[in-house]
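Structural description and commentary
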Amino acid sequence: MQASDWRGTYLAFSIDSLGERYMVNRLNLHIDESGSQDFSEGRYIVAVVLHDHSANIAEPIDRYECRLSIAGLPNIPFHGKDLLHGNQDYAAVSPGDRKRLLAQFARFVRELPFSFFVLRYGVSDARNREELEARIRRDLALFVFDRLPYFQLFDVIAVYYDNGQKGQLV
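Keep in mind it's a predicted model, so treat the numbers as computed, not measured.

Regarding the overall build of the protein chain
- In terms of regular secondary structure, the protein chain is built from 5 helices and 6 strands.
- Walking the protein chain from its N terminus toward its C terminus, one meets helices and strands in the order β-β-β-β-α-α-α-β-α-α-β.
- The buried share among the 170 residues of the protein chain stands at 29%.
- Sequence separation of 24 or more characterises 61% of the internal contacts of the protein chain that already satisfy a separation of 6 or more.
- Surface exposure of the protein chain reaches about 11,300 Å², of which carbon and sulfur atoms provide 54%.

This is the structure in structure tokens:
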């Protein structure tokens, strides 16, 4: 199974010295990439979404699904490229409705209690895949160390990553 295929969730608990169970303060990091590591597309992007697991996302999801229903729009999982080009699940959706779906999704994202950052690389940033991977590792480490007090607020940091564009099983 690829990590990107996994859709389950779990609750992290810990036991204190008195044997009491309590919810662990958890941060989820969702990492995804776009582009080819050989820069054949001219760029390579790494996006990281940070979600404090204690923040409620059920309400924004409910509002989004309600707005879709009221507007008569299909509740299709978001895939930007397919939405823009009318491929896959969006093949039967008119261009006007795809534009409305994009607007609703943008509104939904603005309501979610998460933050994100993007690392962008071009041809001048690395000569080969190994250099690019080293640069990404360095930039991610710098990001964490520059914000170490924030990351230390959490008992657990869960990382969701599909191993980049390699397509390997994890």
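From this point, the narrative continues.
Comments concerning the sheet that holds strand 3 (residues 26-35)
- The 4 strands are arranged 5-4-3-6 in an open sheet whose pairing can be described as mixed. The open sheet has two free edges, formed respectively by strand 5 (115-122) and strand 6 (156-161), since each of these has just one partner strand. Adjacent strand axes in the sheet meet at a mean angle of 15 degrees, parallel and antiparallel pairs treated alike.
- Summarising the sheet, strand 3 and strand 4 (residues 43-52) pair through 9 bridges and their orientation is antiparallel. When the bridges of strand 4 are listed, His 30 appears paired with Val 49.
- The strands that helix 4 (residues 129-146) touches are strand 3, strand 4 and strand 5; relative to strand 5, the one it contacts most, it runs at about 150 degrees.

A few points about the packing of aromatic side chains
- Here the structure, examined in full by the defined rule, presents 8 aromatic pairs.
- On the numbers, 6.2 Å between centres and 80 degrees between planes, the contact of Tyr 64 with Phe 105 is edge-to-face. One end of the pair, Tyr 64, is in helix 1 (residues 58-71); the other, Phe 105, is in helix 3 (residues 95-111), and 41 residues separate them in sequence.
- Relative to Phe 105, the ring of Phe 78 lies with its centre 3.9 Å away and its plane at 0 degrees, an arrangement referred to as stacked. Taken together, the residues Phe 78 in the loop between helix 1 and helix 2 (80-85) and Phe 105 in helix 3 connect sequence positions 27 residues apart.
- Pairwise contacts between aromatic rings join Phe 117, Phe 143, Tyr 150, Phe 151 and Phe 154 into one cluster.

The rules behind these values
- Residues numbered from 1 in each chain as written.
- Predicted model: local features only at pLDDT ≥ 70, side-chain atom pairs only at ≥ 80, totals over all residues.
- Heavy atoms only, no water.
- Helix = DSSP H or I, 4+ residues; strand = E, 2+ residues; numbered from the N terminus.
- Buried < 20%, exposed > 50% of the residue type's maximum accessible area, 1.4 Å probe, protein only.
- Contact = heavy atoms within 4.5 Å.
- Areas by Shrake-Rupley, 256 points an atom, 1.4 Å probe, with all protein chains shown as cover.
- Pairing = 2+ DSSP bridges.
- Axes fitted to C-alpha atoms, helices over the stretch in contact; angles between N-to-C directions.
- Phe/Tyr/Trp six-rings, centres within 6.5 Å; stacked < 30°, edge-to-face > 60°.

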